[in-house]
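Chain by chain, the residues:
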Amino acid sequence: MKYFTISLLNSPLNPLTYCYENELSEGDLVEVTLRNRTLSGVVLEVCDAPDFKTTPVTQALFQQYSQKQMKAAKFISSYYFCSLGEALQLFTPYGVNREMENRKWKMGEPLAQGKGEERRGKRDEVKNSTLKLSSKQVEALELLQKYPVSLLFGDTGSGKTEIYMKWFEEVLAQGKRVLFLMPEISLTPQMEIRLKEHFGEAVVMWHSKVTRPTKKKLLEKIHSGEAKIIAGARSALFLPVKDLGLIVVDEEHDDSYKASSRPRYHARDMAIYMGKLYDVPVLLGSATPSLNSYVKYPHFRLKGGHFSATRHFSFEKSRDAITERVESSIVATVAKEEQAMLFIPTRANYKYLICEACGHTHECPYCSVAMSLHRKSNAIKCHYCNFSERVPQACSKCQHEMLVSERLGTAEAVYQFGERHPDMRVGQFDRDAVSTQNKLKKLLKAFNNREIDLLIGTQMLSKGHDYHDVTLAVILGLDNQLNMGDYRAREKALSLLIQIAGRSGRKKEAEVLVQSYNQAFFEPYIGQYEKFLEDEKKFRQGLYPPYTKLARIMFAHKYANKAEESMQEMLERLRLQDNIEIVGYGVSQIEKIASKYRYQILLRASKTTDLLKAIKQSKNALAEVDIDPVEFS
Ligand SMILES: [Zn+2]
Ligand SMILES: [Zn+2]
């Protein structure tokens, strides 16, 4: 009998010891039992017979995690504070053919890593390509290819995608493969069409909306090497791609690259880690790059036409209201048979229901957040735990019968335009209206076929869609973003403004109307995002990333005192640590979510190693660690 330490997939437990009669090697996927449950596990190493009774491995599953996958998983586990089994759960192992059960590969040797390593940096022009780059684009590509990690800082409409695709051609010509990450790939069917038009069947799209049977088929294509361009959301990073030649992270500034549950990894940062591990170049792209990437990596600035010349910006002092000016601008645009877009950060009809008499907000019974009004279903819903109930007729505190709604949402704007302008064709673009891939494709098609005059939507509007004929973009609620208690609030608000404005004026000149009390902040940076980044550098120097490292430690428990005690206990231990700073601690901004009370500690250090060490030495069981956090509420 032989003994092995095995990490259980998706389990927070430390590795356990099991026995097996045959040889197993590191990375082998096996089936084991734990308290009568069948679980999957990954072999870590051979060990000595322990002095306790062990259960045998039920079976070997003939799949293996490569050495590099194992290494990356170990990194995730130690850097992002999760178990190895939780980190490994992210990865898809390399398959081994059933017929070759006699195992052709040797212990510890990855099945499918690149042979014929060519050094990067050499340009192979692809003959007879239909992709023609401008001289500026060629200059960009040549510069970007010189570095292991580089940033394409290109305005919307400046031709970033052609540059990506040209590089893809070159990688494919070398017999290698491309990993192409996009933050919300399921929201951007246009990119899929574009890639498939040029590269045909070699393109595989991988994201959460892909059905299970399709995933199986796609995985076969990836295993066989038939898939050459693997485009996907952050999970694509962990696919078993053979002979990787390039990783591209598009819209690298987007926060949806950061996982919001354990393992709380950042896909852009992991892409850079993987690039180093596999010795392949990593290209980041964005019209509004994060300060992080701008500071760390060499970039090429690609200007697209004249951003501020084709778009006329005006400001209105308001927070988020359909004012007369907003309404008349939209009506005038539609009258000219042109299209308009209206951005509102909130979905539903209204974000709050407030009592007119006592000012009481109707909160979710399980979370300390206001319930949003959904007129269509005559309900109020919690956007954190999905609890919903009928719209109350009176205040739950004082029984007063007048409840007023606040903070306009997309559904309400759609409703109001429908009431006042019955001839206007209005589309709703948010998570409530666009719940499936089909609905999304239909809506985008209808908009681009000009069957919709006005598209009203949330952040989804800004996600890399190509709208051809929008000549008016109206942006509401930007100050809500700017006033958030987040060191990146300025970056996020300005980037949002530029991304949404960039969806307009693709062919004709456009108007951009922004509601904000902070014109003085926004205006000088429009069309000059680099100027903002330079100013922001000074603001963050010595205080915030990328100049320092942050960690957020969260404590959640159904009893508030338990959560608080845990926080206090960890605080005491943290105070004994060197080279870290406790920036703040206490009740979280959102005190309760899904019946759990929430406390948190914010830590800062100038060195990653100091930060990780301090946390490792003081962490307790309830502490949930979020390294490089992007969320602070
Ligand atoms: Zn709730
Ligand atoms: Zn009241």
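All of these numbers come straight from a predicted model, not from anything done at the bench.

A. Main features of the overall build of the chain. Scanning the chain from N- to C-terminus turns up 18 helices and 28 strands. Taking the principal axes of the C-alpha coordinates as reference, the chain spans close to 80 × 70 × 50 Å. Taken across its 633 residues, the chain has 56% of its residues classed as buried. Summarising the internal contacts of the chain: among those between residues at least 6 apart in sequence, 73% fall at separations of at least 24. Element-wise, carbon and sulfur atoms account for 48% of the exposed surface of the chain, whose accessible area totals about 28,900 Å². Where the 90 positive side-chain charges of the chain centre and where its 78 negative ones centre are 3 Å apart.

B. How the structure looks around the coordination of the zinc ion (ligand 2). Looking at the metal site, the zinc ion (ligand 2) is ligated by Cys355 (SG), Cys358 (SG), Cys395 (SG) and Cys398 (SG), spaced 2.3 to 2.4 Å from it. One way to put it: the four donor atoms around the zinc ion (ligand 2) meet at angles of 104 to 113°, and that makes the site tetrahedral. Sequence spacing among the residues donating to the zinc ion (ligand 2) works out to C-x2-C-x36-C-x2-C. Linking Cys355 in strand 16 (residues 350-355) with Cys395 in the loop between strand 19 (388-390) and strand 20 (403-408), this pair joins segments that are 40 residues apart in sequence. We classify Cys395 as buried; its relative accessible area is 2%.

C. Region of the structure containing the packing of helix 14 (residues 489-501) against helix 16 (residues 529-540). As a packed pair, helix 14 and helix 16 sit with axes 11 Å apart at the nearest point and diverge in direction by 175°. On the basis of the axis angle, helix 14 is roughly antiparallel to helix 16. Contacts between helix 14 and helix 16 involve Arg490, Glu491, Leu494, Ser495 and Ile498 on the former and, on the latter, Tyr529, Phe532, Glu536, Phe539 and Arg540. Here the contact of helix 14 with helix 16 is composed, by residue class, of five nonpolar, one polar and four charged.

D. Quick look at the pattern of salt bridges. According to the stated counting rule, one finds 34 salt bridges in the structure shown. Note that Glu624 is salt-bridged to Arg264, the shortest N-O span being 2.7 Å. Placement of the pair is Glu624 in strand 28 (residues 624-627) and Arg264 in the loop between strand 11 (244-250) and helix 7 (267-278), with a sequence separation of 360 residues. Since its relative accessible area comes to 12%, Arg264 is described here as buried. One salt bridge in this structure joins Asp535 and Lys538, with 3.5 Å as the shortest N-O distance. Separated by three residues within a single helix, Asp535 and Lys538 lie in helix 16, roughly one turn from each other. When its relative accessible area of 24% is taken as the criterion, Asp535 is described as partly exposed.

E. Structural view of unusual backbone geometry. Between Arg262 and the following residue, Pro263, the backbone shows a cis peptide bond with an omega angle of -10°. Mapping Pro263 onto the fold places it in the loop between strand 11 and helix 7. The linkage connecting Pro545 with the following residue, Pro546, adopts the cis geometry, with an omega of 5°. Even without being glycine, Asn36 reaches a positive phi, approximately 65°. Mapped onto the secondary structure, Asn36 falls in the loop between strand 3 (28-34) and strand 4 (37-47). Judged by relative accessible area, which is 81%, Asn36 ranks as exposed. Of note, the phi angle at Phe62 is positive, near 55°, even though the residue is not glycine.

F. Representation of the environment of Ala411. Mapped onto the fold, Ala411 is located in helix 11 (residues 410-420). You can call Ala411 buried: its relative accessible area is 17%. Between the C-alpha atom of Ala411 and that of Ala605, which follows or precedes it by 194 residues, the distance is 44 Å. Not counting residues within four places of it along the chain, the set of residues in contact with Ala411 comprises Ala348, Asn349 and Gln428.

G. Structural view of the environment of Arg375. Secondary-structure assignment places Arg375 in the loop between strand 17 (372-374) and strand 18 (379-381). Residue Arg375 is classed as partly exposed on the basis of its relative accessible area of 38%. Through-space distance from the C-alpha of Arg375 to that of Ile590 is 25 Å; in sequence the pair is 215 residues apart. Every residue in contact with Arg375, bar those within four places of it in the chain, is listed here: Asn349, Tyr350, Glu412 and Tyr415.

H. Quick look at the coordination of the zinc ion (ligand 1). Looking at the metal site, the zinc ion (ligand 1) is ligated by Cys364 (SG), Cys367 (SG), Cys382 (SG) and Cys385 (SG), spaced 2.3 Å from it. For the zinc ion (ligand 1), the four donor atoms in the first shell make angles of 107 to 114° at the metal, so the coordination geometry reads as tetrahedral. Mapped onto the sequence, the residues coordinating the zinc ion (ligand 1) show the spacing C-x2-C-x14-C-x2-C. Take Cys364: its relative accessible area is 4%, and that puts it in the buried class.

I. Molecular detail of the packing of helix 1 (residues 67-79) against helix 7. Following both chains from N to C, one finds helix 1 and helix 7 inclined at 145°, their axes separated by 11 Å at the closest point. Where helix 1 crosses over helix 7, the handedness of that crossing is right-handed. In this structure, helix 1 contributes Lys68, Gln69, Lys71, Ala72, Phe75 and Ile76 to the contact, and helix 7 contributes Met270, Tyr273, Met274, Leu277 and Tyr278. Per-class residue counts for the contact of helix 1 with helix 7 are eight nonpolar, one polar and two charged.

J. Broad picture of helix 14. Helix length check: helix 14 (13 residues) gives 18 Å between terminal C-alpha atoms against 18 Å at 1.5 Å per residue, within 8%. Counting buried positions along helix 14 yields twelve of 13 residues, so the element is predominantly enclosed. Turning to helix 14, its buried residues number three or more, namely Ala489, Glu491, Lys492, Ala493, Leu494, Ser495, Leu496, Leu497, Ile498, Gln499, Ile500 and Ala501.

Cut-offs used in this document
Residues numbered from 1 in each chain as written. Chains lettered and ligands numbered in written order. Predicted model: local features only at pLDDT ≥ 70, side-chain atom pairs only at ≥ 80, totals over all residues. Heavy atoms only, no water. Helix = DSSP H or I, 4+ residues; strand = E, 2+ residues; numbered from the N terminus. Buried < 20%, exposed > 50% of the residue type's maximum accessible area, 1.4 Å probe, protein only. Contact = heavy atoms within 4.5 Å. Areas by Shrake-Rupley, 256 points an atom, 1.4 Å probe, with all protein chains shown as cover. Lys, Arg positive; Asp, Glu negative; His and termini not counted. Charge placed at Lys NZ, Arg CZ, Asp CG, Glu CD. Donors = N, O, S within 2.8 Å, 3.2 Å for Na, K, Ca; no water. Tetrahedral: all angles 85-135°; square planar, octahedral: opposite > 155°, others 65-115°. Axes fitted to C-alpha atoms, helices over the stretch in contact; angles between N-to-C directions. Parallel < 35°, antiparallel > 145°, perpendicular 65-115°, else oblique. Nonpolar A, V, L, I, M, F, W, Y, C, P; charged D, E, K, R; others polar. Salt bridge = Lys/Arg side-chain N within 4 Å of Asp/Glu carboxyl O. Left-handed = near helix turned anticlockwise from the far one by under 90°. Expected span 1.5 Å × (residues − 1).

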